[in-house]
Amino acid sequence: QVQLVESGGGLVQAGGSLRLSCAASGRTFSSYAMGWFRQAPGKERDIVAAITWNGGRTYYADSVKGRFTISRDNAKNTVYLQMNSLKPEEAAVYYCAAGLVGSRLLYRDRDYDYWGQGTQVTVSS
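A brief report on the enclosed structure follows. (Residues numbered from 1 in each chain as written. Predicted model: local features only at pLDDT ≥ 70, side-chain atom pairs only at ≥ 80, totals over all residues. Heavy atoms only, no water.)

**Looking at the state of the cysteines**
Enumeration over the complete set of coordinates arrives at one disulfide. Between the sulfur of cysteine 22 and that of cysteine 96 lies a disulfide, 1.9 Å long from S to S. Note on the cysteine 22 and cysteine 96 pair: the S-S dihedral is about 45 degrees, so by sign convention the disulfide is right-handed. Highlighted residues: cysteine 22 in strand E3 (residues 18–24) and cysteine 96 in strand E9 (residues 92–99), separated in sequence by 74 residues. In this pair, the class of cysteine 22 matches that of cysteine 96, namely buried. (Disulfide = S-S within 2.5 Å. Helix = DSSP H or I, 4+ residues; strand = E, 2+ residues; numbered from the N terminus. Buried < 20%, exposed > 50% of the residue type's maximum accessible area, 1.4 Å probe, protein only.)

**Observations regarding the side chain of serine 21**
When you line up the elements, serine 21 lands in strand E3. Classification of serine 21 as buried rests on a relative accessible area of 17%. When residues no more than four places from it in sequence are discounted, the contact partners of serine 21 are Val5, Glu6, Ser7, Trp36, Thr78, Val79 and Tyr80. (Contact = heavy atoms within 4.5 Å.)

**Details of unusual backbone geometry**
Backbone phi values are negative for most residues with the exception of glycine, while trans is the configuration of most peptide bonds. Residues other than glycine seldom take positive phi values, yet asparagine 77 does so here, at roughly 55 degrees. The phi torsion at serine 85 lies on the positive side, around 50 degrees, for a residue other than glycine. Mapping serine 85 onto the fold places it in the loop between strand E8 (78–83) and E9. You can call serine 85 partly exposed: its relative accessible area is 38%.

**Considerations on the pattern of salt bridges**
Two side chains with opposite charge may pair up if their charged atoms get near one another. Taken as a whole, this structure holds five salt bridges when the rule is applied. Arginine 45 serves as the salt-bridge partner of aspartate 109, at 3.7 Å between the closest nitrogen and oxygen. Taken as a pair, aspartate 109 in the loop between E9 and strand E10 (114–115) and arginine 45 in the loop between strand E4 (33–39) and strand E5 (46–51) lie far apart in primary sequence, 64 residues in all. Using a relative accessible area of 29% as the deciding quantity, one classes aspartate 109 as partly exposed. Measuring nitrogen to oxygen at the nearest pair gives 3.1 Å for the salt bridge that ties aspartate 62 to lysine 65. (Salt bridge = Lys/Arg side-chain N within 4 Å of Asp/Glu carboxyl O.)

**A short note on the nonpolar core**
Core analysis: the largest hydrophobic core is formed by 31 residues, its most contacted members being Leu4, Met34, Trp36, Leu81, Met83 and Tyr94. Contributions of two or more residues to this core are made by E3, E4, E5, strand E7 (68–73), E8, E9 and strand E11 (119–124). Counting eight residues, the second largest nonpolar core, distinct from the first, contains Ile47, Ala50, Ala97 and Leu105. (Core = buried A, V, L, I, M, F, W, Y, C linked by side-chain atoms within 4.5 Å.)

In structure tokens:
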């Protein structure tokens, strides 16, 4: 069992930056693939970024490439999402997720086994 707690959300102006963190409980964090998703009101939950167990491979949605960076620190049981040049349309609840197949990049929400409660990101224009 893994428990995930996101933090770092908040209000930022368009063009600004935020760094989200996701702290995981449990000794096996380093074996999990991790991902960040977001969901805006009335929309589906979409993948933003994903990372394999050792950080060796990463994936980004086309809309965030070059602006967002996913990383992890297995010694701290934490995964991060650095978000730069934020746009108003990126306001959403951001979720982190953990998947048991750590060696793979997981793109679909149904591939993940554990979810955090989400953190709200608001981007003002």
